[in-house]
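Listed here are the chains, written in short residue letters.
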Amino acid sequence: MNKKGEGEQFNWIFVIIAGGIILGFFIMFTFKYIELQEKRQDVDTVRFFGGKVISASSKLQVGSGGAAVDSNEQEGLRFGYFVDLGYKCAGNESTLLINKGRTAWYKLDDEVVFMDDEIRVNALDLWILPWNFPFYVTNFIYLSDPRTNFYFVKDQSTKEFVDNLDISSAFKVEKVDQNILSIKQNSKVVYFLNKVPLRETIIKLKGNLTSANFVYINMQKKEAQFFEDGKWSEAVKFYISDDNNGHLLGAIFSNNADNFNCNVNRALDRTKTIANIYSRRADLLGQLDRRSECHYNEISRSLSKYASGELLLVDVIKNQNLAGAGCIWVF
Amino acid sequence: MGILKTTGIIRHARKGQLQIQETILVIFIFIVLIMFGLIFFYKAQSTSIANDFKKFELDRVSVDFITLGDMPEFSCSKAGIRESCIDTSKLVVFSELINNKLYKNYYFDRWGYKNITIYTVYPGKNNIKCTTASADNCGVWDVYINKPSKITSKIIRDTPVSLYFPDKDQYAIGIMVVEAYNV
């Protein structure tokens, strides 16, 4: 009788162990299956976002004011799920990372994207602006978390500039004086002041906020600095012309000095390549159209210098590209 | 009698032990089969996802070529405003610029092993290759030529394009042929 009882006990132990092992396998499989679905979702995200949105945006012909997509609108850019988007730019290569790039990423060719280095979003505000410097080079793509509030901090010397600075209405922007600045979570503060704000001022302003970024723009020197790891970064130079401030806007949408510097350099490298083509084109036009009043040689020389790095010639070249008396436009 | 009873008990016990061992074996094999099934499923799905991503990258290259004419290296522009056509003077310049090693490497990173050629088809065909010397009367542009020495397969795609001749201020229709090589 005791042995029968012991036999039954043994039976139960055996059932529990075997059942536990089988259950363990199924639980492990469940987690693995979730991981698989997340990977599949990453590939779908890169297919939609990288292949359709970014690629199409870089090739769209838009007016000088650009084109914006507000995530709140019906046609807004919404994923339907939260995704960790990252942006990495190093050397001459830049990549959009989906969930840290474990499964899927989108390597950018000529596209220039300005965004924070890491954001977790289920929707995005997008703004496409053509960058003409002075000829069309590429479309700049600005991306932002829809929850971000932009604060442009001005003083007496920069008041006029900041008040006239055009930002798409898709973004929430407040233009304030420094002494009345008060920020909340998901803030991007852009200082347009004569002096870079003190580190202690930023730390005090940031307080316990976990999502607040700070950018300083010096319009006289055309430099931008980013507050990273508790201090201001090295100044990054950018280039703007009279009617195109694409780089300046890029500084507003970036939060990382390395990425911003890399983007500026990629855009400028592309500009120099295209300038070289236009320079040779001007030479060819000079052979096909021999009228002396067209000055193709002059613009060709300027473009050649521009292609070798004399970027301050941008306005000179723009003025030289004036097709008169039936001459052919160089660009 | 007692011996018979004991023998019977022993036989039952052995039968019981055998049954238990049989059950353990069956369950063990069952677990192993499930384990193999789950591992196989996981590996197959992972491979399928990786292949999906590779296919996306290949498709991306195809799509990029359809929009080649929109690149500032080729697109028409007047007074800084882009038009939807390919400037033939840019094609001539580009096909000569690409011989420079620096630019060859730059575009190889983007396009890899490919041949891109454009032919005029309307209003008239012209089989003369375009160079700086023949730019005013030609109809074939070897835009990008990079064919590897060994090819495992190739894909050919073509698309109509609008061509603009700036010296004549005229438009024409052309075909852009792209041959993509796999090594």
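Along each chain, the written sequence defines residue order, and numbers are assigned to residues from 1. Here every chain gets a letter starting at A, and every ligand a number starting at 1, in the order they are written. Whole-chain, interface and lining totals are the exception, using all residues; otherwise, since this is a predicted model, local features are given only for residues with pLDDT of at least 70 and side-chain atom pairs are given and counted only at 80 or more. Values reported for side chains reflect all heavy atoms of the structure, with hydrogen atoms and water molecules removed beforehand.

A. Seen up close, the overall build of chain A. Helical segments are the DSSP runs of H or I of at least four residues, strand segments are the runs of E of at least two, and each set is numbered from the N terminus. Within chain A, the regular secondary structure consists of 7 helices and 14 strands. Here chain A has a C-alpha radius of gyration of 27 Å; the compact-globule value for 331 residues is 20 Å, and the former is much larger. Projected onto its principal axes, the C-alpha coordinates of chain A cover approximately 120 × 55 × 35 Å. Any residue under 20% of the maximum accessible area for its type is buried, any over 50% is exposed, and the rest in between are partly exposed; the area is computed with a 1.4 Å probe on protein chains only. For chain A, the residues scored as buried account for 50% of the 331 residues in total. Where accessible areas are quoted, they stem from the Shrake-Rupley method and a 1.4 Å probe; at the residue level, only the protein chains shown are allowed to cover. For chain A, the exposed surface amounts to about 16300 Å²; the carbon and sulfur share of it is 50%. Here the globule rule is a power law, 2.2 Å times the number of residues to the power 0.38, and the radius of gyration is based on C-alpha atoms.

B. Region of interest: the packing of aromatic side chains. Only rings of Phe, Tyr and Trp enter the pairing, Trp through its six-membered ring, and a pair is recorded when the two centres are within 6.5 Å. The plane angle decides the type: under 30 degrees is stacked, over 60 is edge-to-face, the rest tilted. Enumeration over the complete set of coordinates arrives at 43 aromatic pairs over all chains. The interplanar angle of 70° and the centroid separation of 6.4 Å between the aromatic rings of Phe238 of chain A and Phe260 of chain A together place this pair among those described as edge-to-face. Here Phe238 of chain A, found in the loop between strand E14 (236–237) and helix H4 (246–253), pairs with Phe260 of chain A, found in helix H5 (residues 257–288); they are 22 residues apart in sequence, far enough to count as distant. Measuring from centroid to centroid gives 5.1 Å for Tyr107 of chain B and Trp111 of chain B, while their planes differ by 35°, and the two rings are tilted. Pair noted here: Tyr107 of chain B and Trp111 of chain B are both in helix H3 (residues 101–111), with a separation of 4 residues, about one helical turn. Among the residues examined, Tyr107 of chain B registers a relative accessible area of 0% and is labelled buried. Note that Arg82 of chain B overlies the ring of Tyr136 of chain A, its terminal NZ or CZ placed 3.7 Å from the centroid. Just above the ring of Tyr106 of chain B sits the side chain of Arg110 of chain B; from NZ or CZ to the centre is 4.2 Å. Charges are assigned to positions over rings by a cutoff of 6 Å between ring centre and Lys NZ or Arg CZ, combined with an angular limit of 35 degrees from the ring normal.

C. Structural detail: the domain arrangement of chain A. Here the limits of each domain have been adopted from an automatic or database domain assignment. For chain A, the assigned domains read domain 1 (149–242) and domain 2 (271–320). Here domain 1 of chain A and domain 2 of chain A have C-alpha centroids that lie 37 Å from each other.

D. Fine view of the pattern of salt bridges. Here, a salt bridge means any side-chain nitrogen of Lys or Arg that lies within 4 Å of a carboxyl oxygen of Asp or Glu. Across all of its chains, the model carries 15 salt bridges over all chains by this definition. The partner of Lys159 of chain A in a salt bridge is Asp163 of chain A, with the nearest N and O atoms 3.1 Å apart. Taken together, the residues Lys159 of chain A and Asp163 of chain A, both in helix H2 (residues 159–164) and 4 residues apart, mark about one turn of the helix. Where Asp142 of chain B meets Lys129 of chain B, a salt bridge forms, and the shortest distance between an N and an O atom there is 2.9 Å. Here Asp142 of chain B, found in strand E4 (residues 140–145), pairs with Lys129 of chain B, found in the loop between strand E3 (114–122) and E4; they are 13 residues apart in sequence, far enough to count as distant. On the accessibility criterion, Lys129 of chain B (52% relative accessible area) is exposed. A network of salt bridges, in which partner residues are shared, links Asp110 and Arg270 of chain A together with Glu73 and Arg110 of chain B.

E. Up close: the pairing of strand E6 (residues 170–182) of chain B. All names here are of chain B. As paired elements, E3 and E6 share 8 bridges and run antiparallel to each other. Paired with Lys114 across the two strands is Ala180, which belongs to E6. Taken together, the 13 bridges between strand E5 (residues 153–165) and E6 define a ladder with antiparallel strand orientation. In the strand pairing of E6, Arg157 is matched with Val178. We treat two strands as partners when DSSP finds at least two bridges between them. Linking E5 to E6, which pair antiparallel, is a turn of 4 residues; within it Asp169 sits at a positive phi near 55°.

F. Structural context of the domain arrangement of chain B. Looking at chain B, the domain boundaries give domain 1 (1–66) and domain 2 (73–182). Just the C-alpha atoms count here: the centres of domain 1 of chain B and domain 2 of chain B sit 58 Å apart.

G. Local environment of the interface of chain A and chain B. At the interface, 49 residues of chain A touch 48 residues of chain B. Summed over both partners, the accessible area lost on bringing two parts together, with a 1.4 Å probe, is the buried area. Interface area for chain A against chain B, summed over the two sides, is near 4700 Å², with a carbon-plus-sulfur share of 66%. In terms of surface lost to chain B, no three residues of chain A exceed Leu36, Gln61 and Ile277 of chain A, which account for 13% of the buried area on that side. Seen at the junction of chain A and chain B, the total is 4 salt bridges. For the salt bridge of Arg281 of chain A with Asp87 of chain B, the shortest nitrogen-to-oxygen distance reads 2.6 Å. Residues adjacent in sequence count toward polar contacts only when both atoms are side-chain atoms; beyond that, a polar contact is any pair of N or O atoms within 3.5 Å, and within protein one must be able to donate a hydrogen and the other to accept it. At the junction of chain A with chain B, the criterion picks out 13 residue pairs in polar contact (both at pLDDT 80 or more). Elements with a minimum of two residues in the side of chain A that touches chain B: helix H1 (2–59), strand E4 (104–108), strand E7 (136–144) and H5 of chain A. Broken down by element, the side of chain A that touches chain B gets its largest block of residues, 20 residues, from H1 of chain A. Contact between two residues is taken to exist if any of their heavy atoms lie within 4.5 Å; hydrogens are not considered.

H. Structural view of a nonpolar patch on the surface. Patch building starts from residues that exceed 30% relative accessible area and form no salt bridge, then joins like charges within 9 Å and nonpolar side chains (Val, Leu, Ile, Met, Phe, Trp, Tyr) within 5 Å. Side chains of Leu23, Ile27, Phe31 and Ile34 of chain A sit close together on the surface and give an oily, nonpolar patch of about 410 Å² of accessible area. Along the chain, Ile34 of chain A turns up in helix H1.

I. Representation of the sheet that holds strand E1 (residues 75–78) of chain B within the structure. Residue and element names in this part refer to chain B. As summarised here, the arrangement of the 6 strands in space is E1-E2-E5-E6-E3-E4, forming an open sheet in which the pairing is mixed. Looking along the sheet, the strands with just one partner apiece sit at the ends: E1 and E4. Sheet twist, expressed as the average angle between the axes of neighbouring strands with direction ignored, equals 30°. Comment: axis = line fitted to C-alpha atoms, over the contacting stretch for helices; angle = value between 0 and 180 degrees taken between N-to-C directions. Along the sheet, H3 contacts E3 and E4; its crossing angle with E4, the most-contacted strand, is approximately 85°.

J. Examining the state of the cysteines more closely. Residue and element names in this part refer to chain B. In this description, the term disulfide denotes a pair of cysteine sulfurs within 2.5 Å. Counting across every chain of the model gives 4 disulfides over all chains. Residue Cys130 pairs covalently with Cys138 via a disulfide, S to S 2.0 Å. In this structure, the disulfide formed by Cys130 and Cys138 twists by about 105° around the S-S bond and is classed as right-handed. By sequence order of its bonded cysteines, chain B has the disulfide arrangement 1-2, 3-4.

K. Geometry of the packing of H5 of chain A against H3 of chain B. Remark: H5 of chain A packs on H3 of chain B, axes separated minimally by 13 Å, with the N-to-C direction vectors making an angle of 125°. Here H3 of chain B runs oblique to H5 of chain A, going by the angle between their axes. As for the relative orientation of H5 of chain A and H3 of chain B, their crossing is left-handed in sense. Note on element contacts: H3 of chain B touches H5 of chain A through Tyr103, Tyr106 and Tyr107 of chain B, opposite Arg270, Thr273, Asn276 and Ile277 of chain A. Its residues placed into classes, the contact of H5 of chain A with H3 of chain B shows 4 nonpolar, 2 polar and 1 charged. Reported orientations rely on four angle classes, namely roughly parallel under 35 degrees, roughly antiparallel over 145, roughly perpendicular from 65 to 115, and oblique for the rest. Each helix crossing is assigned a hand: it is left-handed if the near helix lies turned anticlockwise from the far helix by less than a right angle, otherwise right-handed if that turn is clockwise. We call Asp, Glu, Lys and Arg charged. Ala, Val, Leu, Ile, Met, Phe, Trp, Tyr, Cys and Pro are nonpolar, and the rest, Gly among them, are polar.

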